[in-house]
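Tertiary structure, described
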Amino acid sequence: MKVAIYPGSFDPITYGHLDILQRGAKVFDKIIVAVLINHNKKPLFSVEERKELIRHATLDLPQVEVDSFDGLLIDYVKSRDVNVILRGLRAISDFEYELQIASINRKLSEQVETFFLMTSNNHSFISSAMVKEVARYGADVKDLVPPHVITALQEKFGQETR
Ligand code: COD
């Protein structure tokens, strides 16, 4: 069985993340989406909220399991007995960061490979940070995130998005 771990902040999940998951599901039998419990950053959504938003967004993808992790990614990957990390690549700007993460993880364990999928053109500009920025001011994010994420954003920002 081919299993991959797709780690990230997912604060919140976007159509960009979903694109990687949908395409990854054609390659892997199972994908574990692993939400980072980041103690240094103050995310907009709690870990449980992020996990629930991902679960709802992936109801049509039975191969997807949603989990969270604390500490080093490589330790989590090993604890799940998996040896592939799935990551998405948007642009050249992502490449340097992704290369760094992949290289560190390779240094920590030679058994674990990072598998990259290029984003679809129409999702290449989407990031969770941009979604939050735009939604905060009540602008339209319907092409960027699923409807239930829009509702969650509206609840957080206490307003209707246009
Ligand atoms: N199109 C395609 N892919 C996308 C898009 C899009 N529009 N948006 C995001 N993605 C991809 C990203 O490139 C990434 O591969 C993935 O989706 C998740 O993205 P984010 O932004 O939600 O998550 P990140 O990049 O903040 O996640 C970073 C980690 C949590 C993986 C990293 O910080 C980590 O592993 N931390 C644990 C500590 C550790 O092990 N450190 C050592 C290695 S850095």
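Residues numbered from 1 in each chain as written. Predicted model: local features only at pLDDT ≥ 70, side-chain atom pairs only at ≥ 80, totals over all residues. Heavy atoms only, no water.

**Section: the UniProt feature "binding site: substrate" (unreviewed entry) in the protein chain**
For clarity, the threshold we go by: UniProt positions are given in the numbering used here, feature names are shortened, and annotations may be inferred rather than shown by experiment. Elements are defined by DSSP. Helices are runs of H or I of four residues or more, strands are runs of E of two residues or more, and each kind is numbered from the N terminus. The contact rule is simple, with two residues in contact once any of their heavy atoms fall within 4.5 Å. Exposure classes here rest on a 1.4 Å probe applied to the protein chains alone. A residue is buried below 20% of its type maximum, exposed above 50%, and partly exposed in between.
UniProt's entry tags S9, K41, L73 and R87 with the feature "binding site: substrate" (unreviewed entry), counted in the numbering of this structure. Positionally, S9 belongs in the loop between β1 (3-8) and α1 (15-24). With residues up to four places along the chain from it excluded, the contact list for S9 reads V35 and R50. As for its position among the elements, L73 is in helix α3 (residues 73-79). Taking relative accessible area as the criterion, L73 reaches 13% and is therefore assigned buried. Among all residues touching L73, those that are not within four sequence positions of it are P7, I85 and N105.

**Looking at the pairing of strand β2 (residues 30-36)**
Along any regular strand, the residues point their side chains to alternate faces of the sheet. Which entries qualify depends on this criterion: Only strands joined by at least two bridges in the DSSP assignment are considered to pair. Note on handedness: a clockwise path from strand one over the helix to strand two, with the strands aimed away from the viewer, defines a right-handed crossover.
Of all seven residues in β2, five are buried, a share of seventy percent or more. In this sheet, β2 lies alongside β1 in parallel orientation, the contact comprising six bridges. Counterpart to V3 in the pairing with β2 is K30. Following the chain from β1 across α1 to the adjacent parallel β2, one finds a crossover that is right-handed. Taken together, β2, helix α2 (residues 47-57) and strand β3 (residues 64-69) form a β-α-β motif whose crossover is right-handed.

**Details of the site of the ligand**
Note the cut-off: Throughout, the term near means that a residue has one or more heavy atoms lying within 4 Å of the molecule or strand in question. N or O atoms closer than or at 3.5 Å make up a polar contact, with two conditions inside protein: a donor-capable atom paired with an acceptor-capable one, and, for residues adjacent in sequence, both atoms drawn from side chains. All accessibility values rest on the Shrake-Rupley procedure with a 1.4 Å probe; residue burial counts only the protein chains present in the view.
The full set close to the ligand counts 23 residues, and Y6, S9, L73, G88 and H123 are the nearest of them. Within the side chain of Y6, a nitrogen or oxygen atom sits 2.7 Å from an oxygen atom of the ligand. Here an oxygen atom of the ligand sits 2.6 Å away from a polar atom, N or O, in the main chain of G88. In isolation the ligand offers 890 Å² of accessible surface; the protein chains occlude 85% of this area. At the level of elements, β1, α1, β4 (84-89) and α4 (92-108) are the ones that each hand at least two residues to the shell around the ligand. For the shell around the ligand, the leading source of residues is α4, giving four residues.

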